[in-house]
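# Structural characterization, general
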Amino acid sequence: FHSLADDAAMKAEVPSLDFVVEAVSENLDTKQACYDALQAAGLPAQSVLATNTSSISITKLAAKVARPERVIGMHFMNPVPVMPLVEVIRGLRTDDVTLA
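Residues numbered from 1 in each chain as written. Predicted model: local features only at pLDDT ≥ 70, side-chain atom pairs only at ≥ 80, totals over all residues. Heavy atoms only, no water.

### A closer look at the nonpolar core
Operational definition: Buried residues of nine kinds, namely Ala, Val, Leu, Ile, Met, Phe, Trp, Tyr and Cys, make up a nonpolar core once their side-chain atoms join them within 4.5 Å. Accessibility here uses a 1.4 Å probe with only protein chains present; expressed as a share of the type maximum, an area under 20% marks a residue as buried, one over 50% as exposed, and anything in between as partly exposed. Counting from the N terminus, the helices are the DSSP runs of H or I reaching at least four residues and the strands are the DSSP runs of E reaching at least two. Contacts were defined at the residue level, with two residues in contact if any of their heavy atoms lie within 4.5 Å.
One finds V14, Y35, L38, L49 and V71 to be the most contacted residues of the largest nonpolar core, which totals 15 residues. Elements with a contribution of two residues or more to this core: α2 (28-40) and α3 (58-62). In contact with L38, not counting residues within four places along its chain, are M10, V14, V20, L43 and L49.

### A few points about the sheet that holds strand β2 (residues 48-51)
Convention followed: In this description, strands pair whenever DSSP reports at least two bridges between them. Here the axes come from fitting lines to C-alpha atoms, over the contacting stretch only for helices, and the angles between their N-to-C directions go from 0 to 180 degrees.
The strand order across the open sheet formed by four strands is β1-β2-β3-β4, and the pairing between neighbours is mixed. If you trace the sheet from one side to the other, it starts and ends with β1 (19-22) and β4 (86-90), each paired once. Strand-to-strand, the axes of this sheet are offset by a mean angle of 30°, without reference to chain direction. With three bridges connecting them, β2 and strand β3 (residues 71-76) associate as parallel partners. Note on β3: the bridge partner recorded for L49 is V71.

### Notes on a nonpolar patch on the surface
Test applied: Residues with no salt bridge and a relative accessible area higher than 30% make up the patches, which join like charges within 9 Å and nonpolar side chains (Val, Leu, Ile, Met, Phe, Trp, Tyr) within 5 Å. Accessible surface is estimated by sampling points in the Shrake-Rupley manner with a 1.4 Å probe; for residues, cover comes only from the protein chains shown. The term salt bridge refers to a side-chain nitrogen of Lys or Arg lying within 4 Å of a carboxyl oxygen of Asp or Glu.
A contiguous nonpolar surface patch, about 530 Å² in accessible area, is contributed by F19, V21, F76, V80, V86, V88 and L99. At the level of elements, β1 and β4 are the ones that each hand at least two residues to the nonpolar patch. One can find V88 in strand β4.

### Quick look at the pattern of salt bridges
Close approach of charged atoms allows side chains of opposite charge to pair. This structure, assessed with the given rule, holds four salt bridges. Note that K31 is salt-bridged to E26, the shortest N-O span being 3.8 Å. Take K31: its relative accessible area is 0%, and that puts it in the buried class. The salt bridge involving R67 is made with E69; its shortest N-O contact spans 2.4 Å. Residue classification places R67 among the partly exposed positions, given a relative accessible area of 31%. Assessed through its relative accessible area of 18%, E69 is described here as buried. Among the ionic contacts, a cluster of salt bridges with common partners joins E22, E26 and K31.

### Considering the pairing of β2
Basically, it comes down to this: The handedness rule is simple: strands pointing away from the viewer, and a clockwise path from the first strand over the helix to the second, make the crossover right-handed.
Burial along β2 is two-sided: V48 and A50 and L49 and T51, pointing in opposite directions, are all buried. This β-α-β element, β1 to α2 to β2, shows right-handed connectivity.

### What to know about α2
Under the convention used in this document: Expected span of a helix: the number of residues minus one, times 1.5 Å. The arc in question is the one traced by the directions running from the helix axis out to the C-beta atoms. Under this definition, polar contacts are N or O atom pairs within 3.5 Å; protein pairs additionally need one hydrogen-donor-capable and one acceptor-capable atom, and for neighbouring residues in sequence, both atoms have to be side-chain atoms.
Between its first and last C-alpha, α2 extends 18 Å over 13 residues, near the 18 Å set by a 1.5 Å rise per residue. Those residues of α2 not exposed but buried are K31, Q32, C34, Y35 and L38. Looking down the long axis of α2, one finds its buried residues gathered within 150° of arc, a one-sided arrangement. Relative to its buried face, α2 has exposed residues pointing more than 90 degrees away, namely D29 and A40. Where α2 is buried, its residues contact α1 (7-13), β1, β2 and α3. Regarding α2, its N-cap is N27, as a side-chain oxygen of that residue lies 3.0 Å from the backbone nitrogen of D29 further along. Positive phi appears at G42, one or two residues downstream of α2, with a value of about 100°.

In structure tokens, the structure reads:
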């Protein structure tokens with residue numbers, strides 16, 4: 001999504017998502033507002049929510065979502081076109097199914 005403010009697009013698309021990569025500004029409140037918008041738009045319980053944070057605790061980010069066990073961190077190595085590698089980080093409550 002290019003804009004979380006597009007309610008119609010959010011409500012039309014979010015309920016069908018299995019995997020979401022959040023890459024908003026590196027700010028706890030901004031990221032949690034993004035998660036709130038996704039949940040309000042109907043993010044399915046089984047969906048994985050991946051954050052592209054590099055400095056905020058995955059556990060802290062996951063604390064405000066309905067299913068913290070479905071939250072992971074993803075760190076894309078640079079330069080992305082040259083390094084086909086992604087680091088996956090679990091939070092304290094991330095479950096094994098999410099990492100599988």
